[in-house]
Amino acid sequence: DHQKPLTCWVHPGRCAEDLFKGIQSSDAGVRCDSLKELATVSTDVTFAQEFISRDGHLLLVKIVEDSNDNVIMTHTLTGFMELMDHGIVSWENLSSVFIKKIAGFVNAKSTDASIQQVCLDILESMVLSSHSLFLHVKQEITMERLIAHLQVTNQQIQTKAMALLMALLQTAGDSDRKDMFDFLTKKNVRQYIYKNIIHSSGSVQDEMAHYLYVLQSVTLNLQEPRMRTPLDCCSQEQRDILHGLRQAAFETESENSLSHERRRSLCAKEFRKLGFSNNSNPGQDLSRTPPGLLALDTMYYFATRYPDAYSRFVLENSSREDKHECPFARSSIQLTLILCEILRIGEPPSETGSDYHPIFFSQDRLMEELFCVCIQLLNKTWKEMRATQEDFDKVMQVVREQITRTLSSKPTSLELFKNKVNALNYSEILKLRQTERLHQEETLAPPVLELKERLKPELLELIRQQRLNRLCQGTMFRKISSRRRQDKLWYCRLSPNHKMLHYGDVEEDMENPPIETLQEKIPVADIKGLLTGKDCPHMKENKGKQNKVLDLAFSITYDVEEYSLNFIAPSRTDFCLWTDGLSVLLGREMSSESMRSELEILLSMEIKLRLLDLENVPIPDNAPVVPKPPSNFNFCYDFSQTEQ
């Protein structure tokens, strides 16, 4: 637009009139310059309206039909495309001669690249505008030549050819679309895209990424009819496939020699082992849509394509305890549904989407091959989680996460996907979840951080009370002894009024001695200090032996620090509880690692509870500004008048 002449900015009507006359000039130079300028200024909608109101677009159609000059043709087609892009007039009224001429440029083996590029653009717009134009363009365009345009080095031509191909595929009916896909398969288009576009030296441009996404979406949506069709119990073909699954898994005696009842009982038993919920009529399991018949297709593909892996899966789970067996059929049906949701089968392609999977272009029958990898992954994850039938939904959630996380890393081949997804085991998933949860908590909004600080005093008080209660319950300690005999036991506890520390020797079988049986006591008011580790008197005396219990040792000093009561805690947890409790009695801050950990857990839980109603609601960094009060309050309703 910055190159547009000033006249067209200020007087679009006058500019449209001048160019309308200029492109009809008998002087070839004036005509060429006018068409060149038209190609630039046609991007302006006001100018376009003025020019089209003079039937300028029809004049351009006539020039295209009659002219053979490449330069004139390039400017004319560019100007025409820009004018039509505004949607002011319909594409419907174009003549057959014009469409043939445009298609001719695309079909020609040697044509100017800029002409071919704009012609591909024009044909794409025609195809998307109406079904009748789709039929007309499909009749004129040679698919062979369109695919040849995909295989050129010119990226613009390549992208425009892809755009036209996607328009044709999206607009075609089921029968035409199937024929087009068959042709693309025959010409190895998928392999070419994988090798020469996705793995080209340069990165895939945004526009091409969108068309690759569309091709992926339209291709995968060929599975939709099967996904939306339930199993028909009257279909002999579908029943044969079901029995084929059973027979491939179990070596059965000749069924024909069995009585009807015996054969029926055997089938039901084997279908149950296969993991069907309704073993007497397994077709019922496939009546839910989605995934419908697509689940039957994926199971049968796995059984016939990888028979050893299939047999191993079924027989391994048949030999497990009932509650620990992974049900093949039930898992397969749910896994097929998960894959349909992840690959968005049944959803029309988005106009702005560009999230294509390189793996799709590396592999024929992606859905089925992904299923074969993922059903074996599911069995592996089931074992890692030591799952039972009650854990089925939990296992499926983990498997969904394993698949989505792996696909989001954009693996370029099925082998790479298989390696990555199997490396992402259950313990790795748990680690990732924990890391993400911590990161989420670290990046809390300022108001949430403020709430966290406000909650701290209340929760610290809760921990203080818990510590004092724990001291009131008391703990059994071992006496320090340098002799090689069993150390004696003693018990210490805080009085219920928190004023006295009672202690005394006890026998090993006295688990919780009453406070009256503890003969010694120290008033809390007399306690002067709390020592830990190597600062304790009993750790200084016999260093060789005491190093082993250094992190469990603590002492209290009393009576002007001349005396000390020395402790060796039974465990690190008891050490933290007692040092925290004694710190509280002394009016000091608690400092143990247990206190910090418990405080974080309590804060996290409390904040989650407080924010439960705000899930998925963005929290602003600053509070909204409170509006000024109104100039008067006359809008208030006076109830007293109503009563009168």
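This one's a predicted model, so the numbers in the text were calculated from it and none came from an experiment. (Residues numbered from 1 in each chain as written. Predicted model: local features only at pLDDT ≥ 70, side-chain atom pairs only at ≥ 80, totals over all residues. Heavy atoms only, no water.)

Enquirer: I would appreciate a short explanation of the layout of surface pockets in the present structure.
Expert: Over the atoms rolls a probe the size of a water molecule, and its path tells where empty space is left. As a volume, the largest pocket reaches approximately 680 Å³. If you go around the largest pocket, you meet 23 residues; those closest to its centre are Phe181, Thr185, Thr219, Leu222 and Asp364. Put simply, the parts of the chain that give the lining of the largest pocket at least two residues each are helix H12 (174-186), helix H13 (189-198), helix H14 (206-220), helix H21 (358-362) and helix H22 (366-384). Classifying every residue of the lining of the largest pocket by side-chain character gives eleven nonpolar, six polar and six charged. (1 Å grid on protein atoms, 1.4 Å probe; cavity = no way out; pocket = protein on both sides within 12 Å on 5 of 7 lines; lining within 4 Å. Points joined across faces, edges and corners; volume = space filled by probe spheres on them. Helix = DSSP H or I, 4+ residues; strand = E, 2+ residues; numbered from the N terminus. Nonpolar A, V, L, I, M, F, W, Y, C, P; charged D, E, K, R; others polar.)

Enquirer: What should I look at first to understand unusual backbone geometry in this one?
Expert: Along the chain, Thr289 connects to Pro290 via a cis peptide bond; the corresponding omega equals -15°. Topologically, Pro290 is positioned in the loop between helix H17 (260-274) and helix H18 (293-305). Cis geometry is found at the peptide bond from Pro290 to Pro291, where omega equals 10°. As for its position among the elements, Pro291 is in the loop between H17 and H18. Not every positive phi belongs to a glycine, and Asn188 is a case in point at roughly 55°. For Asn188, the location among the structural elements is in the loop between H12 and H13. Of note, the phi angle at Lys410 is positive, near 55°, even though the residue is not glycine. With respect to the secondary-structure elements, Lys410 resides in the loop between helix H23 (392-408) and helix H24 (414-423). For Lys410, a relative accessible area of 29% puts it in the partly exposed group. (Buried < 20%, exposed > 50% of the residue type's maximum accessible area, 1.4 Å probe, protein only.)

Enquirer: Looking at this model, I keep getting lost on the environment of Lys394. Mind explaining?
Expert: Its location among the elements puts Lys394 in helix H23. Lys394 sits twelve residues away from Trp382 along the chain, and the two C-alpha atoms are 9.7 Å apart.

Enquirer: What is the right way to look at the domain arrangement of the protein in this model?
Expert: In many analyses, interface size is given as the accessible surface area lost on bringing the parts together. Under the domain assignment used here, the protein contains domain 1 (12-205), domain 2 (236-251 + 258-437) and domain 3 (457-596). Distance from the C-alpha centre of domain 1 to the C-alpha centre of domain 3: 88 Å. (Domains from an automatic or database assignment.)

Enquirer: Before we go on, may I ask you to explain the sheet that holds strand E6 (residues 553-558) in this structure?
Expert: Strand order in the open sheet formed by three strands is E5-E6-E7, and the pairing between neighbours is antiparallel. Looking along the sheet, the strands with just one partner apiece sit at the ends: strand E5 (527-532) and strand E7 (563-568). Across this sheet, the average inter-strand angle for adjacent strands is 20°, counted without regard to direction. In this sheet, E7 lies alongside E6 in antiparallel orientation, the contact comprising six bridges. Across the sheet, residue Tyr558 finds its bridge partner in E7, namely Tyr563. Sheet contacts for helix H29 (residues 572-585): E5, E6 and E7; angle to E6, the most-contacted strand, approximately 25°. (Pairing = 2+ DSSP bridges. Axes fitted to C-alpha atoms, helices over the stretch in contact; angles between N-to-C directions. Contact = heavy atoms within 4.5 Å.)

Enquirer: How do you make sense of the packing of aromatic side chains when you look at a structure like this?
Expert: The way to describe two aromatic rings as a pair is by their centre distance and the angle between their planes. All told, the structure shown has 24 aromatic pairs when counted by the stated rule. When the centroid spacing of 5.5 Å and the interplanar angle of 75° are considered together, the rings of Phe477 and Trp578 count as edge-to-face. Of this pair, Phe477 sits in strand E1 (residues 475-478) while Trp578 sits in helix H29, placing them 101 residues apart in sequence. Judged by relative accessible area, which is 0%, Trp578 ranks as buried. On the basis of an interplanar angle of 10° and a centroid distance of 4.5 Å, the ring pair of Phe554 and Phe567 is categorised as stacked. Remark: Phe567 occurs in strand E7 and Phe554 occurs in strand E6; sequence separation between them is 13 residues. Over the aromatic face of Phe271 sits the side chain of Arg246, whose NZ or CZ is 5.8 Å from the ring centroid. (Phe/Tyr/Trp six-rings, centres within 6.5 Å; stacked < 30°, edge-to-face > 60°. Lys NZ or Arg CZ within 6 Å of the ring centre and 35° of its normal.)

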